[in-house]
Amino acid sequence: LNCMPDEKHDVSKGDLIEFHLRNGDVLGGVECSVKRVLTPFKVQVKLVGETEGGSLIEQQVNKAVSFSRKKQLQRTSFLPYSEASAERHRHGGLITPSDLDKSFDSERQDTLLSCFSSIDSFVNEHGRLPTKANSDDLKSMKGLVREALSVENAAEKNGGESKTKKKLNKKAASLVKKFVNTCAAKFTPLQGVMGAIVAQEALKAASGLYTPIHQFLLFDCEEVLMAPGTDTTSGSTPELNSDTPGLCYILGDKFVKTFQKRRIFVVGAGAIGCELLKNLAAMGAATNAGSKKKGGKLIVTDMDTIEKSNLSRQLLFRDSDLGNFKSVAAEHAAKMFNKNCAIEVHSSKVGDVDESPFDEQFWSKGVDIVLNALDNVDARLYMDGQCVKYHKALVDAGTLGPKGNVQVVVPKQSESYASSADPPDEAIPVCTLKNFPYAISHTIQWARDLFDGLFVQRAQQANDFVESLVGVTSGESDDIANIISDLATKMLHEAGEEAALVTAQEVGDDLQVIGESQEIDTSERTQLMRTKSLRWAVCLAKKLYVESVDSLLAQHPLDSKDEDGDSFWSGTRRPPSRLTYQTNDTDIEARVLNQNLISFVQNGARLRAEMYLPIGQSTIFTSEEAKDALVASFLQPDATAVCEDEPETASSKHKQVLNSLLRVPVTELRSSPAEKLS
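Procedures and definitions
- Here, residues in each chain are numbered from 1, in the same order as that chain's written sequence.
- The predicted nature of this model means local features are confined to residues of pLDDT at least 70 and side-chain atom pairs, given and counted, to a pLDDT of 80 or more, with totals for whole chains, interfaces and linings taken over all residues.
- Water and hydrogen atoms were dropped before computing side-chain values, which therefore reflect all heavy atoms in the structure.
- Counting from the N terminus, the helices are the DSSP runs of H or I reaching at least four residues and the strands are the DSSP runs of E reaching at least two.
- The classification of residues rests on relative accessible area computed with a 1.4 Å probe and restricted to protein chains. Under 20% of the type maximum is buried, over 50% is exposed, and intermediate values are partly exposed.
- Contacts were defined at the residue level, with two residues in contact if any of their heavy atoms lie within 4.5 Å.
- What sets the accessible areas is the Shrake-Rupley method with a 1.4 Å probe; for residues, cover comes only from the shown protein chains.
- We define the nonpolar core as a collection of buried residues of types Ala, Val, Leu, Ile, Met, Phe, Trp, Tyr and Cys that are connected through side-chain atoms lying within 4.5 Å of one another.
- In this analysis the probe radius is 1.4 Å and the grid spacing 1 Å, with only protein atoms considered; a cavity is a set of points the probe fits into but cannot get out of, a pocket is an open set with protein on both sides within 12 Å along at least five of seven lines, and lining residues have an atom within 4 Å of a point.
- Grid points are joined across faces, edges and corners, and a volume is the space filled by probe spheres set on the points.
- Three categories are distinguished: nonpolar for Ala, Val, Leu, Ile, Met, Phe, Trp, Tyr, Cys and Pro, charged for Asp, Glu, Lys and Arg, and polar for the others, with Gly belonging to the last.
- Two rings belonging to Phe, Tyr or Trp (six-membered ring only in the last case) form a pair when the distance between their centres is within 6.5 Å. Interplanar angles under 30 degrees mark stacking, angles over 60 mark edge-to-face geometry, and anything in between is tilted.
- Our definition puts a charge over a ring when NZ of Lys or CZ of Arg is within 6 Å of the ring centre and also within 35 degrees of the ring normal.
- Patch membership is restricted to residues that have no salt bridge and whose relative accessible area is over 30%. Joining uses 9 Å for like charges and 5 Å for the nonpolar side chains Val, Leu, Ile, Met, Phe, Trp and Tyr.
- A carboxyl oxygen of Asp or Glu within 4 Å of a side-chain nitrogen of Lys or Arg is what we treat as a salt bridge.
- Charge counting treats Lys and Arg as positive and Asp and Glu as negative, with His and both chain ends excluded.
- Where a charge sits is defined by one atom per residue type, namely NZ (Lys), CZ (Arg), CG (Asp) or CD (Glu).
- When DSSP finds two or more bridges between a pair of strands, those strands are recorded as paired.
- Axis definition: a line fitted to C-alpha atoms, limited for helices to the stretch in contact. Angles are taken between N-to-C directions and run from 0 to 180 degrees.

1. Focus: the overall build of the chain
Looking only at helices and strands, the chain has 21 helices and twelve strands in total. Residue burial in the chain is summarised as follows: out of 678 residues, 36% are buried. Taking as baseline every contact in the chain between residues at least 6 positions apart, the subset at least 24 positions apart corresponds to 64%. Surface exposure of the chain reaches about 40500 Å², of which carbon and sulfur atoms provide 52%.

Now the structure itself:
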């Protein structure tokens, strides 16, 4: 089984897989398992159970367009906390990795899990959490951790007696000290992460659809703590820090005081903006008692109002807020987290606007840090430019479905948001569009290119050619052959040989019709244009859906192999079928095919006619007219409805271009230029 380009499979050896048809249904009666994973894009499978009728099953599988891993019911059991704590040394898989570095440090895991198990004993004895303000708390916790580690080591030795260690090593002692110093603190961003994880686990338990975390998850983010040697915390208890309970234990007094004085500009109050404001308010941002000019402040702007669809993901808003500005509603909600938080709200757009509160004075003295919560690139680029210009720190964040991105921009130290850009979407290869489309987007792009080429570019190049006739001279001679020869030479020089050949053929086809209709009256001219437009549309259908298919299959027969020795018509390459008009329309597929061909010819002929005739009833074709033209072309090869002949082969590129252009009525067009093709 081959995956589509740039799409990796997610199956492993032994997985059961199921096949899906084009309409999304599962292919029944075929069950396979993965025998071997060849590459991230290719797997080898085998039938499960009976193997008779393999060729028939292979034909069925060839009708499928995708495959996926078939989920198998799994029963998951959990140990009580006390048993799991004792068993985690003897049985692997009881701790879910969350960090590729720290999650596989067994000594670190043992020490930290022992700290968590010891905290219950400490609280039961003292009625509170340990703090750094009391030096006896650290001694008590070290003793409890030593005892817990001794019990675990004894359990690891299959029931040996517990012998309390005399002293923790340096690494374990450092971890216990950090645990004691910070365990009484509340850190809102981490609380949000853990709340989300717990909510997901509850959904898993209720639905039974996803694999839950097994036993322990040790989420270790020591990097948040203040750097060694920067601890300036006074040692006060959390109760004394009403605005930021315990935050100083994690980040230090100096950092928290600086944080409270900063003027933070939150741009956007949507999903990300709500989360930012909730965290900032709960962490005590903009709560210092300084003056209005020098004190901290949260500045929020968002020009949007709250809609019903916002409520599911923008946590600060409620039903009563519908219709209100997001920035105003977000201010009221944020103050519920911290009433002392100073917030300034705006409903103005950021950007190059004449009247805006975010003028040069604001950027110079009114803001220290910018937090982007925007939903478009243009606004992000503007904010990035302002931050670079005024040397302001910037944190940009964005989401796309379940994915998220954060970029921190430090003035004069890191690249800015505009310094890099997402790679452009890969263009669809021409060969994929023309010969091997396998996605809806390919067929849409093919149709867009076809329409633009037939009804925009061809009309433009024909009009340009007519205009160029006025300025063409060939010495003092007005001989038609010399005029055409000069035009052919000019075309070859400007466009190149291959492009000139294609252009000359198209110009000859498009303008030859005008010459044929010069000597007849209006009604006859209209009928001639209708006949030729209908014939042109039928020829186009045969070229696209019959001749191109025959040519492709002649080049790559059904049994051909690719350079790797695999079947050429495999994976995303599906062998095409000729689309010809069917006389037997009792079959539903034949009726659908006929109707599509009729619609193609009917509308193609109308578009072609409207290039020459005024838009109106004269350019509208009935389905019966389109059907008769198709029958005459597909089922009556001797009928008059045949396609124009290709220009005869010439010995040089110049002669081939010349032959195509000789069909253009140069004399008529030069003496009385026709109306432009529309």
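Continuing now.
2. Focus: the nonpolar core
Core analysis: the biggest nonpolar cluster contains 40 residues, and Leu511, Val601, Tyr612 and Leu630 have the highest contact counts within it. Every element with two or more residues in this core is listed here: helix H14 (440-469), helix H15 (480-495), helix H16 (497-516), helix H17 (522-555), helix H18 (588-609) and helix H19 (623-634). Ranked by residues supplied to this core, first place goes to H17 with ten residues. Discounting chain neighbours no more than four positions away, the residues touching Val601 are Leu534, Ala537, Val538, Ala541, Ala626 and Leu630. Counting 32 residues, the second largest nonpolar core, distinct from the first, contains Phe187, Leu247, Cys274 and Ala333.

3. Some remarks on empty space enclosed by the protein
It is a probe the size of a water molecule, rolled over the atoms, that shows where empty space is left. By the definition in use, this model includes two cavities of 30 Å³ or more. Of the pockets and cavities examined, the largest cavity occupies roughly 60 Å³. Along the walls of the largest cavity sit Ile95, Thr96, Ser98, Asp99, Lys102, Ser103, Arg108, Gln109, Leu112, Leu218 and Asp220, which together make up its complete lining. Taken together, the elements giving at least two residues each to the lining of the largest cavity come down to strand E5 (95-96) and helix H3 (106-126). Roughly 30 Å³ of volume is contained in the second largest cavity. Lining the second largest cavity are Val350, Gly351, Ser356, Phe358, Trp363, Tyr382 and Met383. Considering only residue class, the lining of the second largest cavity consists of five nonpolar, two polar and no charged.

4. Comments concerning the packing of aromatic side chains
As enumerated under the stated definition, the model contains 15 aromatic pairs in all. Taken together, a centroid distance of 6.4 Å and an interplanar angle of 10° make the contact between Phe255 and Phe259 stacked. With a gap of four residues between them, Phe255 and Phe259 both fall in helix H8 (residues 253-261), about one helical turn apart. The class for Phe255 is partly exposed, based on a relative accessible area of 45%. The buried category is assigned to Phe259, whose relative accessible area is 14%. Seen from their ring centres, Phe568 and Trp569 are 5.1 Å apart, and the 85° between their planes marks the pair as edge-to-face. Here the two residues Phe568 and Trp569 agree in accessibility, since each one is buried. Its guanidinium or amino end placed over the ring of Phe436, Arg573 lies 5.9 Å from that ring's centre, counting from NZ or CZ. It is Arg573 that lies over the ring of Phe568; its NZ or CZ is 4.2 Å from the centre.

5. What about a negative patch on the surface?
Together, Asp6, Glu7, Asp425 and Glu426 make up a negatively charged patch on the protein surface. Note that Glu426 resides in the loop between strand E12 (403-409) and helix H13 (430-434). For Glu426, a relative accessible area of 67% puts it in the exposed group.

6. Comments concerning unusual backbone geometry
You will see that His391, though not glycine, has its phi angle at about 60°, which is positive. Its location among the elements puts His391 in the loop between helix H12 (377-390) and strand E11 (393-400). With a phi angle near 65°, Lys412 is a residue other than glycine that sits in the positive phi range. Tracing the backbone shows Lys412 in the loop between E12 and H13. The exposure class assigned to Lys412 is exposed, which follows from its relative accessible area of 76%.

7. Considering the pairing of strand E3 (residues 42-47)
Pairing analysis gives six bridges linking strand E2 (residues 32-39) to E3, with the strands arranged antiparallel. Residue Cys32 lies in a different strand from E3, and its bridge partner there is Leu47. Hairpin connection of E2 to E3: two residues between the antiparallel strands.

8. Section: the pattern of salt bridges
Opposite charge on two side chains permits them to pair, given that their charged atoms come into close proximity. Per the stated rule, a full pass over the model turns up 18 salt bridges. For Asp105, the salt bridge goes to Lys171, with nearest N and O atoms at 2.5 Å. With Asp105 in the loop between E5 and H3 and Lys171 in helix H5 (residues 170-182), this pair connects stretches of sequence that are 66 residues apart. You can call Asp105 partly exposed: its relative accessible area is 22%. In this structure, Arg128 and Asp137 form a salt bridge, with 2.8 Å as the shortest nitrogen-oxygen distance. Take Asp137: its relative accessible area is 2%, and that puts it in the buried class. Residues joined by salt bridges that share partners form a network here, namely Arg108, Lys178, Asp220 and Glu222.

9. Quick notes on the sheet that holds E2
Taking strand neighbours across the sheet as the criterion, the four strands line up as E3-E2-E1-E4 in an open arrangement whose pairing is antiparallel. In the strand order of this sheet, the two ends are held by E3 and strand E4 (66-69), each with one partner. Averaged over all pairs of adjacent strands, the angle between their axes in this sheet comes to 45°, without regard to strand direction.

10. Considering the sheet that holds strand E8 (residues 297-301)
Read across the open sheet, the six strands follow the order E9-E8-E7-E10-E11-E12; overall the sheet is mixed. In the strand order of this sheet, the two ends are held by strand E9 (343-346) and E12, each with one partner. Ignoring strand direction, the axes of neighbouring strands in this sheet form an average angle of 15°. Relative to E8, strand E7 (residues 263-267) is paired through five bridges, and the arrangement is parallel. Across the sheet, Val267 pairs through a bridge with Thr301, a residue of E8. The sheet contacts of helix H10 (residues 326-337) involve E8 and E9, and relative to E9 the element is tilted by about 165°.

Everything listed here is a matter of geometry and, on its own, says nothing about what the molecule does.
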